[in-house]
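The primary structure of each chain is shown beneath.
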Amino acid sequence: MPAFAGGLLVDAGRAGRVRCGPAGAVGANRRPDTRAPVLGKPNCPARACRARRRRRKRETASIALSVRELVPHASVQYHLSPDDRVREVPVPHPSTPFGEELRKRRLEAGLSLTDLSGLVHYSKAQLSKVERGIKAHSRDLARLCDAALGADGALIALGTPTAVDSPAVSAPGRVEEENWMMQLSPDGPNSFGPVGRREVMNAGVASLMTWRSDGSGPASPTAGAGMLEASRSLFTHYRRLGQTVDPGLLLPVLIAQTHTLRELSAQSDSGTRRRLLALGSRYAEYVGWLVQETGDERAALWWTQRAVDLAAAGGDQALAGYALVRRALVTLYREDAEQTIALARRAQNDVLPSRIRGLAAQREAQGHALAGDVGACLRALDRARALLARRDGTAEGADGPVIGSMHLPDSVGMVTGWCLVDLGRPREAGEELDRQLTLVGPEAVRTQVRYGVRRALAYACAGEIDHACTLTEPLLDGVTAVRSATVTTDLRRLVRVLGRYPDHPPVRRLAPRLGTLSRPTTPLEESPS
């Protein structure tokens, strides 16, 4: 297709053809079809062809440069009209609402691409491509630009994908509604599933060994009290062990213990039954959290609902509120801010214990951080600190362990650091997480890894690549040990940020192992970049 610039008409669509002429006289000085002497050497078509190609290359490069200077966000095509006049027709790139809004806000702030590049630690070329719709933006870039330009979540909202519906949660049912079947394999893969009684009868599976307790008579008070005391002590040990080992190693014993408490409760007096079911509900809730760590969201929500059923059967309605906090954690890792906020608010009913409401306020703050709402996030954190400081005696009485994490001395401070990353304020986030991680004991490996990777991500987003790599390296053994799908989510974000610096020596040193550890090996859905 011919193109015109600086008094020259260049036909870049046909190899070896250059037509020259003054403006308004297109084709006036066309070279004859016969091959005339070129550059003083007659009858040298090969040399003439090379000369034409060099001339065409210089002229088309000049045209392309002029077009980019005049119309930075569009390509320009040139059309030759029937009257032999060249006309410019702008052809915009496929624009995106995010790119247009980013450019608008950047110009309103009086920032050049170079200025914005220094603030968000992305290259000027990449920012230019995002503004023009040539390159898709990442969620991390949206958060950083939103904070740098004071957009109050507007850019984050434009960069948020359509939310995925939360998996359905079964309605509360009776504790005895189903049988549980677990298959254990010596080489690693195990399975668990609820099965209806009729399905068990129809299956007719042969067993090497079968047994059952005699439920015809009540269990002695001594048996119920002894099981209760032993199970409480074991639960504390299991939670500590869960900080250092693969969840798959603990799940079989935790599921078996939950079943034992459920079965024994049916044979106990009312007082013992209530306490057994309350403890069984805590076991089931902890199983649900560990299952989420394996990456199976559907099973995690199933176990959370079983915990609610067990608690309700024992007269405890409060755990249903905490189940909403657990469901909000699933939507948080899906980066669904709206659902996270809605579920967390439902768990802040005044009738619930202050600890559950405080944990719900923390989760709400994390949802607001995803949405880029700084004010609402900070208000929710203040509310959480006030609620968690109360001692109303109903959240963690003598009949059950503490709800929520037992390894965070200042959970609100840690969640504040977490939120600052999503609010696009990575340097502040890194400093806050520095302070909080010094309070976490070395035995809490899972907690150290979870928030340590988050801290490394914060410093990487702040452009401190060497420091981020220094923080990441000692965490990798812990990442391998605990095998957490939720930690891997942040680890993949960190890998994407470090991937922008492929020639950096510390990045090259960590890249092979980071690539292996961040590879999704679980059902947890990977977020788009």
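Here the structure is a predicted model, which means the values were calculated and not measured.

Caption draft 1: Broad picture of the nonpolar core. Ranked by size, the top nonpolar core spans 91 residues in total, and within it Leu 254 and Leu 498 carry the most contacts. The contacts of Leu 498, once residues within four sequence positions are left out, are Ala 460, Ile 465, Cys 469, Val 507 and Leu 514.

Caption draft 2: Inspection of a positive patch on the surface at higher detail. A surface patch of like charges, here positive, comprises Arg 47, Arg 50, Arg 53 and Arg 54. Position of Arg 54 among the secondary structure elements: in helix α1 (residues 45-70). Looking at Arg 54, the relative accessible area reads 45%, which means it is partly exposed.

Caption draft 3: A look at the packing of helix α21 (residues 485-498) against helix α22 (residues 505-517). Closest axis-to-axis distance for the α21/α22 pair is 11 Å, and the angle between their directions is 145 degrees. Of the two elements, α21 crosses α22, and the hand of that crossing is left-handed. From α21, Thr 488, Leu 491, Val 495 and Leu 498 reach across to α22, where they touch Val 507, Leu 514 and Leu 517. When its residues are assigned to classes, the contact of α21 with α22 shows six nonpolar, one polar and no charged.

Caption draft 4: Highlighting the pattern of salt bridges. Per the counting criterion, the structure on display carries 27 salt bridges. Its salt-bridge partner being Asp 140, residue Arg 493 comes within 2.4 Å of it at the nearest N-O pair. Here Arg 493 is found in helix α21, whereas its partner Asp 140 is found in helix α5 (residues 139-148), with 353 residues between them in sequence. Neither residue differs from the other here; Arg 493 and Asp 140 are each classed as buried. Residues Asp 350 and Arg 357 are paired through a salt bridge, measuring 3.8 Å at the closest nitrogen-oxygen approach. By relative accessible area, Asp 350 is classed as exposed at 64%. Accessibility expressed as a relative area gives 14% for Arg 357, which makes it buried.

Caption draft 5: The arrangement of helix α18 (residues 445-461) in detail. With 17 residues, α18 should cover 24 Å at 1.5 Å per step; its first-to-last C-alpha distance of 24 Å lies within 8% of that length. Of all 17 residues in α18, 15 are buried, a share of seventy percent or more. One or two residues past the end of α18 sits Gly 463, with phi positive at roughly 90 degrees.

Caption draft 6: Focus on the packing of aromatic side chains. The tally for this structure, following the rule as stated, stands at six aromatic pairs. Here Phe 235 and Tyr 283 contribute two aromatic rings whose centre-to-centre distance is 4.7 Å and whose plane-to-plane angle is 45 degrees, an arrangement assigned as tilted. Residue Phe 235 is found in helix α8 (residues 221-241), and its partner Tyr 283 is found in helix α10 (residues 270-294); the two are separated by 48 residues along the sequence. Taken together, the ring pairs connect Phe 235, Tyr 283, Tyr 286 and Trp 289 into an aromatic cluster. Across from the ring centre of Trp 302, 4.6 Å away, lies the NZ or CZ of Arg 306, which sits over that ring. Cation over ring: Arg 500 sits above Tyr 122, and NZ or CZ is 3.5 Å from the ring centre.

Caption draft 7: Broad picture of unusual backbone geometry. The phi dihedral of His 121 falls on the positive side, at around 65 degrees, and the residue is not glycine. With respect to the helices, strands and loops of the structure, His 121 is situated in the loop between α3 (113-120) and α4 (124-131). A relative accessible area of 25% means that His 121 is categorised as partly exposed. For Glu 335, which is not glycine, the phi torsion reads 60 degrees and is therefore positive. As for its placement among the helices and strands, Glu 335 is situated in the loop between α12 (319-333) and α13 (337-346).

Caption draft 8: View of the state of the cysteines. Counted by the stated rule, this structure contains zero disulfides. No disulfide involves Cys 377; its sulfur sits 3.9 Å from that of Cys 419, the nearest cysteine. You can call Cys 377 buried: its relative accessible area is 0%.

What counts, and at which threshold
Residues numbered from 1 in each chain as written. Predicted model: local features only at pLDDT ≥ 70, side-chain atom pairs only at ≥ 80, totals over all residues. Heavy atoms only, no water. Core = buried A, V, L, I, M, F, W, Y, C linked by side-chain atoms within 4.5 Å. Buried < 20%, exposed > 50% of the residue type's maximum accessible area, 1.4 Å probe, protein only. Contact = heavy atoms within 4.5 Å. Patch = residues over 30% accessible without salt bridge, like charges linked within 9 Å, V, L, I, M, F, W, Y side chains within 5 Å. Areas by Shrake-Rupley, 256 points an atom, 1.4 Å probe, with all protein chains shown as cover. Salt bridge = Lys/Arg side-chain N within 4 Å of Asp/Glu carboxyl O. Lys, Arg positive; Asp, Glu negative; His and termini not counted. Charge placed at Lys NZ, Arg CZ, Asp CG, Glu CD. Helix = DSSP H or I, 4+ residues; strand = E, 2+ residues; numbered from the N terminus. Axes fitted to C-alpha atoms, helices over the stretch in contact; angles between N-to-C directions. Left-handed = near helix turned anticlockwise from the far one by under 90°. Nonpolar A, V, L, I, M, F, W, Y, C, P; charged D, E, K, R; others polar. Expected span 1.5 Å × (residues − 1). Phe/Tyr/Trp six-rings, centres within 6.5 Å; stacked < 30°, edge-to-face > 60°. Lys NZ or Arg CZ within 6 Å of the ring centre and 35° of its normal. Disulfide = S-S within 2.5 Å.

From the geometry alone we can't say anything about function, so treat these as descriptive.
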